[in-house]
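Observations on the model geometry
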Amino acid sequence: MATIHNATRTPKVPRTAFFIRSFITASPSFTLPNPASRCYILHRINRPKAAMSKAPYFPHSVFSPEGEPVPRVMIAPGRYIQGPGVIDHVGRYVSILNIARVGVLASRRGQQAEGARIMDSLRGRNIDATATTFGGECSLEEIDAQVERLKEENLDCLIAAGGGKCVDAGKCIAYRLDIPVIIVPTLASNDAPCSALSVVYTKEGVSRGTEFFPDSPALVVVDTAVVADADERYLVSGMGDAMATWYEARVCLANPAARTPLGARPTLASCAMGEICAHTLYEHGLEAARSVASGSTNEVLEKVVEANTLLSGIGFESGGLAVAHAIALAYTRIPVVHDNYLHGEMVAMGTMVQLAMEGGDEATRAARFFASVGLPIHLAQLSLSRDNHGAINTLIEATLASNITHNMPMTVTDDVLRNAINVADELGRQVTEDVGDLSYRRLQGL
Ligand SMILES: [Zn+2]
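Residues numbered from 1 in each chain as written. Predicted model: local features only at pLDDT ≥ 70, side-chain atom pairs only at ≥ 80, totals over all residues.

Now for the overall build of the chain. Secondary structure summary: the chain contains 16 helices and 10 strands in total. For the chain, the residues scored as buried account for 55% of the 446 residues in total. Counting only contacts in the chain whose residues sit at least 6 apart along the sequence, the fraction spanning at least 24 positions is 80%. (Helix = DSSP H or I, 4+ residues; strand = E, 2+ residues; numbered from the N terminus. Buried ≥ 20, exposed ≤ 12 C-beta atoms within 10 Å, placed from the backbone. Contact = placed C-beta atoms within 7 Å.)

Here you go:
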């Protein structure tokens, strides 16, 4: 099932970059597709011609060209390695790729910590390595500057060690350099490490679109001792992101018109991963959060880190997304939310709305879990209220404009969405009254 690297390498063709306008973001500046067609929008970004050395890649045109039956497609990283201390063995893992010279992308802080350990490990295996410092934003400017700096280095592979943006930038840089990427996440706050796509931002940090790659990361190496050292809020946010995976994949599986980010139908395998991801979090999430709070690793933390990173990563990419993520990404358009909350916290709120829209008891179950670990479950916990009409309208408009919203089995209209937001908010308040908000307040430093 794993992607084989270097099997086919397209020749380097200078092109102006095209991006698939994100399946998860929307901009008022371009036309929306007919949701029934499930087409994805091509959005051209104005930039210098020489800046990109590789042709853009669109999975939809490979897997589901217009007018053909849509197949099931599953993709995954070449190897996934997780455990305490594995970061010190990166050199040994890299040896299976038969490479001699490696670039290590990490933030300034990361270069002193995880980057230095990776470099030591590579040198121990006689693998030549050069460090390059990540500027902090996964923007075209940062990506182009890194490519410019690294293109004369004759690298055989790039290791990206850090949080979600460093990881996503690493994938974009490696693609342009025509080399495999290895991901060493230092947080379990999101499911970016395993996927063959990156969310690209403006220099100011506003989501700009999604770039897709033909190869998944060659290796993903997750050191749980490093993850346990990070703030508890990151692991909990990762749980918010991961919990949505099953609810979104099951919607896509049940709706024949739904498409995954690959433009394909979900596989049962990826949906099964989403389901066990949710079970793992419900059963072990709270205990794992406590482990991180005390800075210790144990078997429960291993399970939850795998859920947040591997199960959620494969589950969303090959299982599909729905309105939970559309809402989460729409929240980034509201400054007070964008500036103060993490992706997984916004996804938790989106999941509540999706489950409210679907009806049944699952919304209450999710809300009780989210409250127990400290995720937000009502609007006030994202610094909003139902009376913020401007913000709520922005949220609704951006959500309705997102393709993945229309993976839901029902027709999602302004009224349907507004009603679900209100129902979820009310439920969240009731659950907060019932179980309290101590965890939320502790993680938010209140
Ligand atoms: Zn996500």
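Further remarks concern the pairing of strand S8 (residues 197-201). Where burial is concerned, most of S8 is hidden: five out of the five residues are buried. With burial as the criterion, each face of S8 is covered, one bearing Leu197, Val199 and Tyr201 and the other bearing Ser198 and Val200. Pairing of S8 with strand S9 (residues 207-212) involves five bridges; the strand directions are antiparallel. What sits directly across from Tyr201, in S9, is Ser207. The turn joining S8 and S9, which pair antiparallel and follow one another in sequence, is formed by five residues; a positive phi near 95° is taken by Gly205. (Pairing = 2+ DSSP bridges.)

Taken together, the six strands give an open sheet; going across it, the order is S3-S10-S7-S6-S4-S5, and neighbouring strands pair in parallel fashion. Edge positions in the sheet fall to strand S3 (79-83) and strand S5 (128-133), since each has one partner strand and no second. The sheet shows a mean angle of 15° between the axes of neighbouring strands, direction not considered. One ladder, built from five bridges, connects strand S6 (residues 157-162) with strand S7 (residues 181-185); its direction is parallel. Following the sheet pairing, Ile159 is matched in S7 by Ile182. (Axes fitted to C-alpha atoms, helices over the stretch in contact; angles between N-to-C directions.)

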